[in-house]
Amino acid sequence: MKIEILSKELVKPSSPTPTKLREFKLSFIDERIPHSYIPLILYYNGDNYNNKINNIRVIKSSLSDVLVRFYPLAGRMKGQALLDCNDQGVLYIEANADAAITDVIRSVDLDVLDELVPFKNNGYFSSARVQLAVQATSFKCGGIAVGVCISHRIADGATLSSFITHWSATARRDQPNLISPLFNSSLLFPPQNTPDFKPNFSSLSVKKPLSPRFTTNRFTFTKSSIDSLKSKVTEYSPKILHPSRIEVVTAFLWSRCAAAKELGETHRSLAFHPVNLRGKIPSLKEHSFGNIFQMVSAESYGGGTADWVRLVEKLRAAFGRIDTDYVQRLMGEKGFEMGKENFLEISKLLGLGGNIDVLRFSSYCRFAMKEADFGWGRPVWASIGSYANKDNVFLFESLEFCGGIEAWIVLDARVMERLQRDFELLRFTSSCFGY
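Because the structure is a prediction, the values reported are computed rather than measured. (Residues numbered from 1 in each chain as written. Predicted model: local features only at pLDDT ≥ 70, side-chain atom pairs only at ≥ 80, totals over all residues. Heavy atoms only, no water.)

**Some details on helix α5 (residues 157-171)**
Thinking step 1. In this model, α5 (15 residues) spans 21 Å end to end at C-alpha, consistent with the 21 Å of a helix rising 1.5 Å per residue.
Thinking step 2. In terms of burial, α5 is a largely internal element, 14 of the 15 residues being buried.
Thinking step 3. Just beyond α5, the residue with positive phi is R173, at close to 60 degrees. (Helix = DSSP H or I, 4+ residues; strand = E, 2+ residues; numbered from the N terminus. Expected span 1.5 Å × (residues − 1). Buried < 20%, exposed > 50% of the residue type's maximum accessible area, 1.4 Å probe, protein only.)

Printed below as a string of structure tokens:
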């Protein structure tokens, strides 16, 4: 499939940002995160050429309008902890694809997916200066793919979800019930603006490998298979009440990936997961803007990962540590030290190697991606692009199976070969592609 870039331009807010809002301070959580992009692609069916042309116009005009509310996204970084909201704009690209959108969804060629997002940086540090980039790709069937890259330096997945919710509602002219984003993270977590709070560019989590040999595979859990996993937890661990989809899928995948890696009895196996802080205290709302999360880890030893139900217990305990009391301490006098150590932990462990194995999870499941209706229906699929950083698992709400989860797993190629033959995993999932 050939994708042709038709145009590139900067789209600015439709109304200028007031002078009093020109300086946007980052929080100390933002400060520690290097500038890389969180990619997301939304896929929409279409029926004819004329509608496609109009839909592209709507995407562009509504983007300009929504930037009035999300004005930091049109700015540029100025130093370590300050964003100049100067309305320079976001990168906007229009492209044509000589195929039907169903061809992309069926084949799922990661090289093609990378051409549907503005930047291919594979989760690593980027030198691009824009905070947001959008690519609208038209397909010959009338369908459209909307690829979005948002800077992780100033935003997390929940912020991206909030932005897309506002953007699609703006396109539908359905804004009365929308609550504007809340820009209060720097008040709760004041920036330190000191050298020790600069992003750690030497961390293996953002540093490109010299010769990557990684494979991405997508495994789909239906609602019934997830319910079966929940039943096993309830049966064998009665103290875990109402296990969540994320808990059981994370624990199960952690176990199967550890088995595929053939970890020895003495191997330390850790699963890291971000926890959203929104809702933990009244001042952190669902629509709070920024990086408002902390990482948690659960740990087991190689032999212990075989019992995935026990891993659910470990994950439940880890998630439970990020509670109201934790957030209050994070806002306290020494909170910045807690925040720094939280991010340093994973960097240290990744650098140790040897008998330490780290698996990183990210969940998009509670975000409103599937509700992103720009006026011509909800997306038929959502995806990321390629991700050349091994030992990562991305969880998406399945748009094909209601209540199901798609797991995108990035592993060493040899490990992935074993995982694809794992009988326990294949009992509960279908494998959609390998690349």
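**Things to note about the packing of helix α7 (residues 223-236) against helix α9 (residues 308-321)**
Thinking step 1. Where α7 meets α9, the closest approach of the two axes is 10 Å, and the angle between their N-to-C directions is 85 degrees. It follows that α7 is roughly perpendicular to α9 by the angle criterion. Every residue of α9 that contacts α7 at L229, K232, V233 and Y236 is listed here: W308, V309, R310 and V312. (Axes fitted to C-alpha atoms, helices over the stretch in contact; angles between N-to-C directions. Parallel < 35°, antiparallel > 145°, perpendicular 65-115°, else oblique. Contact = heavy atoms within 4.5 Å.)

**Quick look at the pattern of salt bridges**
Thinking step 1. Counted according to the given criterion, the structure contains 21 salt bridges.
Thinking step 2. Linking D84 and R22 is a salt bridge whose minimum nitrogen-to-oxygen distance equals 3.1 Å. Here D84, found in strand β5 (residues 82-84), pairs with R22, found in the loop between β1 (3-11) and β2 (23-25); they are 62 residues apart in sequence, far enough to count as distant.
Thinking step 3. Judged by its relative accessible area of 18%, D84 falls in the buried class.
Thinking step 4. With relative accessibility at 34%, the residue R22 sits in the partly exposed group.
Thinking step 5. As a salt-bridge pair, E247 and R316 come within 2.6 Å of each other at their nearest N and O atoms. You can see E247 sitting in helix α8 (residues 245-260) and its partner R316 sitting in helix α9, a full 69 residues away along the chain. (Salt bridge = Lys/Arg side-chain N within 4 Å of Asp/Glu carboxyl O.)

**Side note on α7**
Thinking step 1. A rise of 1.5 Å per residue sets the reference length of α7, with its 14 residues, at 20 Å; its end C-alpha atoms lie 20 Å apart and thus fit the reference within 8%.
Thinking step 2. Residues S225, I226, L229 and V233 constitute the buried set of α7. Buried residues along α7 cover an arc of 105 degrees about the axis, so they all sit on one side.
Thinking step 3. Each element contacted by the buried residues of α7 is listed here: β9 (214-221), α8, α9, β15 (405-412) and α13 (423-428). (Arc of directions from axis to C-beta.)

**Overview of the nonpolar core**
Thinking step 1. By size, the foremost hydrophobic cluster in this structure holds 71 residues, and its most contacted members are L63, L132 and W167.
Thinking step 2. In terms of residue count, the dominant contributor to this core is strand β3 (residues 37-44) (seven residues).
Thinking step 3. L63 has contacts with V11, V90, Y92, L132, V134, F163 and W167, leaving out every residue within four places of it along the chain.
Thinking step 4. By size, the runner-up hydrophobic cluster in this structure holds 63 residues, among which are W254, V296, F319 and I322. (Core = buried A, V, L, I, M, F, W, Y, C linked by side-chain atoms within 4.5 Å.)

**Looking at empty space enclosed by the protein**
Thinking step 1. In this structure the tally under the stated criterion is two cavities of 30 Å³ or more.
Thinking step 2. Of the volumes computed, that of the largest cavity is approximately 70 Å³.
Thinking step 3. Surrounding the largest cavity, Y364, F367, M369, K370, A382, F396, E397 and L399 form its lining.
Thinking step 4. In terms of residue class, the lining of the largest cavity is made up of six nonpolar, no polar and two charged. (1 Å grid on protein atoms, 1.4 Å probe; cavity = no way out; pocket = protein on both sides within 12 Å on 5 of 7 lines; lining within 4 Å. Points joined across faces, edges and corners; volume = space filled by probe spheres on them. Nonpolar A, V, L, I, M, F, W, Y, C, P; charged D, E, K, R; others polar.)

**A word on the packing of aromatic side chains**
Thinking step 1. In this structure the tally under the stated criterion is 22 aromatic pairs.
Thinking step 2. Centre to centre, the rings of F163 and W167 are 5.6 Å apart; their planes meet at 35 degrees, and the pair counts as tilted. Of this pair, F163 and W167 both sit in helix α5, four residues apart, which is roughly one turn of that helix.
Thinking step 3. By relative accessible area, W167 is classed as buried at 0%.
Thinking step 4. Measuring from ring centre to ring centre gives 6.3 Å for Y364 and F367, while their planes differ by 80 degrees; the resulting arrangement is edge-to-face.
Thinking step 5. Judged by its relative accessible area of 8%, Y364 is buried. (Phe/Tyr/Trp six-rings, centres within 6.5 Å; stacked < 30°, edge-to-face > 60°.)

**A closer look at the environment of A155**
Thinking step 1. Relative to the assigned elements, A155 resides in the loop between β8 (144-151) and α5.
Thinking step 2. Residue classification places A155 among the buried positions, given a relative accessible area of 0%.
Thinking step 3. The contact partners of A155, leaving out residues within four places of it in the chain, are I38, I150, G290 and N291.

**Brief notes about the side chain of H273**
Thinking step 1. Mapped onto the elements of the fold, H273 is located in strand β10 (residues 268-276).
Thinking step 2. In terms of polar contacts, H273 uses its side chain to reach the side chain of T250, at 3.3 Å. (Polar contact = N/O pair within 3.5 Å; in protein donor to acceptor, adjacent residues only side chain to side chain.)

**Quick notes on the side chain of H267**
Thinking step 1. Along the chain, the position of H267 falls in the loop between α8 and β10.
Thinking step 2. Beyond its immediate sequence surroundings of up to four residues, H267 is in contact with S300, Y301, G302, G354, N355 and I356.

**What about the sheet that holds strand β4 (residues 76-77)?**
Thinking step 1. Strand order across the open sheet formed by three strands is β2-β5-β4, with antiparallel pairing between neighbours. Both outer strands of the open sheet, β2 and β4, are each paired with one neighbouring strand and no more.
Thinking step 2. In this structure, β4 lies alongside β5, joined through two bridges in antiparallel fashion. Of the residues in β5, the one forming a bridge with M77 is L83. (Pairing = 2+ DSSP bridges.)

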